[in-house]
Protein chains: 2
Amino acid sequence: MTETPMTEKALEDDAPVWSLVTFNEDGLVPAIAQRLDTGEVLMMAWMNREALAETLATGKACYWSRGRGRLWRKGESSGQSQTVKSLRVDCDGDTILMLVEQKGVACHTGRSNCFFNEVGASGDIKVIAEPLVDPEDLYGTRSKH
Amino acid sequence: MTETPMTEKALEDDAPVWSLVTFNEDGLVPAIAQRLDTGEVLMMAWMNREALAETLATGKACYWSRGRGRLWRKGESSGQSQTVKSLRVDCDGDTILMLVEQKGVACHTGRSNCFFNEVGASGDIKVIAEPLVDPEDLYGTRSKH
């Protein structure tokens, strides 16, 4: 496992990452967060250029909340932050994968990860994970994520 | 690890999965493929309703190729198919995670997975994986994926 030390550093406009990453028509790119230690895929969210620059500069996952229309510093309200140990871009530059150290749970439902709805061959749904913590304890109020 | 047996079966229009999954304005939803055995995140591609229905019915990953504007049965040209052992939908219904058995390599570049560009804190890029097979041997011609 390669780990990239993340330091407080501004990204130059001509940094190679900007010519590699393709943002969609909304200026966003999907970012997958995977646990470095267990390999568990935790969540997928979106980043704009500013969120990606902040993530690289701080080493803490920062997304763009499409619902709230602003930067979403993962854990800002729940405390469940993600420390980014490696950030990777795929072959065609339109998806990001981050290997992270997850503090607490990743899902706003209080579950370890967001992928708890298993779909059967007939299209039926089975919930395969239960909350480990009460979202009320994470947010105080019902999450708007 | 829960495994869902996939059988040849048509999905009903009122199958629960259709009310759970949210397709974007282009009728697509992102689908992440992860190796069941190693946890390696292989790739992220897109599915429309037809691709998801076929994937569930056949147990073989079928995506929608945005570049070619048609269904993309993973491995149809390269032979590098994906057998889906579990298909999951996230908490807000806008991302799919598949646990797959990958035949050969997942990336059209001949690499094991698509996430081989590691981004440093300054935005520099380091290629952290090399092709395991020659794409020419997978496709005969240069890949258009």
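Residues numbered from 1 in each chain as written. Chains lettered and ligands numbered in written order. Predicted model: local features only at pLDDT ≥ 70, side-chain atom pairs only at ≥ 80, totals over all residues. Heavy atoms only, no water.

1. Structural notes on the confidence of the model for chain A
Residues at a pLDDT of 70 or more form 90% of chain A, whose mean pLDDT is 92. Predicted complex metrics record ipTM = 0.90 and pTM = 0.91. (pLDDT = per-residue confidence, 0-100.)

2. Here we look at the pairing of strand S4 (residues 70–73) of chain B
Taken together, the 4 bridges between strand S3 (residues 62–65) of chain B and S4(B) define a ladder with antiparallel strand orientation. Across the sheet, B:Cys62 pairs through a bridge with B:Arg73, a residue of S4(B). (Pairing = 2+ DSSP bridges. Helix = DSSP H or I, 4+ residues; strand = E, 2+ residues; numbered from the N terminus.)

3. Quick notes on the interface of chain A and chain B
On the chain B side, the residues contacting the 49 residues of chain A number 49 residues. For the chain A and chain B pair, buried surface summed over both sides reaches about 3,800 Å², with 65% attributable to carbon and sulfur atoms. Considering only the surface of chain A that becomes buried against chain B, A:Cys91, A:Phe115 and A:Ala121 emerge as the three largest contributors, covering 17% of it. Counting across the interface, chain A meets chain B through 4 salt bridges. A salt bridge links B:Glu118 to A:Arg88, with the shortest nitrogen-to-oxygen separation between them at 3.7 Å. The interface formed by chain A and chain B contains 16 residue pairs in polar contact (both at pLDDT 80 or more). Elements that contribute at least two residues to the side of chain A that touches chain B include exactly helix H1 (16–20), strand S1 (29–35), strand S2 (41–47), strand S5 (82–89), strand S6 (96–102), strand S7 (117–119) and strand S8 (125–127) of chain A. With 4 residues, the top contributor of residues to the side of chain A that touches chain B is S5(A). In terms of residue class, the side of chain A that touches chain B is built from 26 nonpolar, 13 polar and 10 charged. (Contact = heavy atoms within 4.5 Å. Buried area = accessible area lost by both parts, 1.4 Å probe. Salt bridge = Lys/Arg side-chain N within 4 Å of Asp/Glu carboxyl O. Polar contact = N/O pair within 3.5 Å; in protein donor to acceptor, adjacent residues only side chain to side chain. Nonpolar A, V, L, I, M, F, W, Y, C, P; charged D, E, K, R; others polar.)

4. With respect to the sheet that holds S7(A)
With respect to topology, 6 strands assemble into an open sheet ordered S8(A)-S7(A)-S5(B)-S6(B)-S1(B)-S2(B), the strand pairing being mixed. Taken across any chain shown, the strands that pair with only one partner, and hence form the sheet edges, are S8 of chain A together with strand S2 (41–47) of chain B. Averaged over all adjacent pairs, the angle separating strand axes in this sheet is 30°, with direction ignored. In this sheet, strand S6 (residues 96–102) of chain B lies alongside strand S1 (residues 29–35) of chain B in parallel orientation, the contact comprising 5 bridges. The partner of B:Arg35 across the bridge, within S6(B), is B:Val100. (Axes fitted to C-alpha atoms, helices over the stretch in contact; angles between N-to-C directions.)

5. A short note on the pairing of S5(A)
Of all 8 residues making up S5(A), 6 are buried, and the element is well covered by its neighbours. The pairing of S5(A) with S6(A) spans 7 bridges and is antiparallel. Its bridge partner being in S6(A), A:Leu87 is matched across the sheet by A:Met98. Linking two consecutive strands that pair antiparallel, namely S5(A) and S6(A), is a turn of 6 residues; a positive phi of about 75° is found at A:Gly93 within it. Pairing geometry for S5(A) and strand S7 (residues 117–119) of chain B, over 3 bridges, is antiparallel. The residue bridging A:Leu87 from the neighbouring strand is B:Val119, located in S7(B). (Buried < 20%, exposed > 50% of the residue type's maximum accessible area, 1.4 Å probe, protein only.)

6. Some thoughts on the relation of the copies chain A and chain B
After a rotation of 180° and a shift along the axis of 0.0 Å, chain A superposes on chain B with an RMSD of 0.0 Å. Such a combination of turn and shift is consistent with a two-fold rotation axis. In terms of proximity to the rotation axis, the leading residue of chain A is A:Gly39, whose C-alpha is 2.7 Å off the axis. Most of the interface of chain A is mirrored in chain B: 100% of its interface residues are interface residues there too. (Least-squares fit on C-alpha atoms with pLDDT ≥ 70 in both.)

7. Observations concerning the pattern of salt bridges
Taken as a whole and judged by the stated rule, the model has 17 salt bridges over all chains. Its salt-bridge partner being A:Arg73, residue A:Glu54 comes within 2.6 Å of it at the nearest N-O pair. Of this pair, A:Glu54 sits in helix H2 (residues 49–58) while A:Arg73 sits in strand S4 (residues 70–73), placing them 19 residues apart in sequence. For B:Arg35, the salt bridge identified is with B:Asp37, shortest N-O distance 2.6 Å. Each of A:Arg68, A:Arg70 and A:Glu76 takes part in a single network of salt bridges with overlapping partners.

8. Topic: the side chain of B:Glu54
Residue class for B:Glu54 comes out buried when judged on its relative accessible area of 19%. Leave out the neighbours within four places in its chain, and B:Glu54 touches B:Gly59, B:Cys62, B:Leu71 and B:Arg73.

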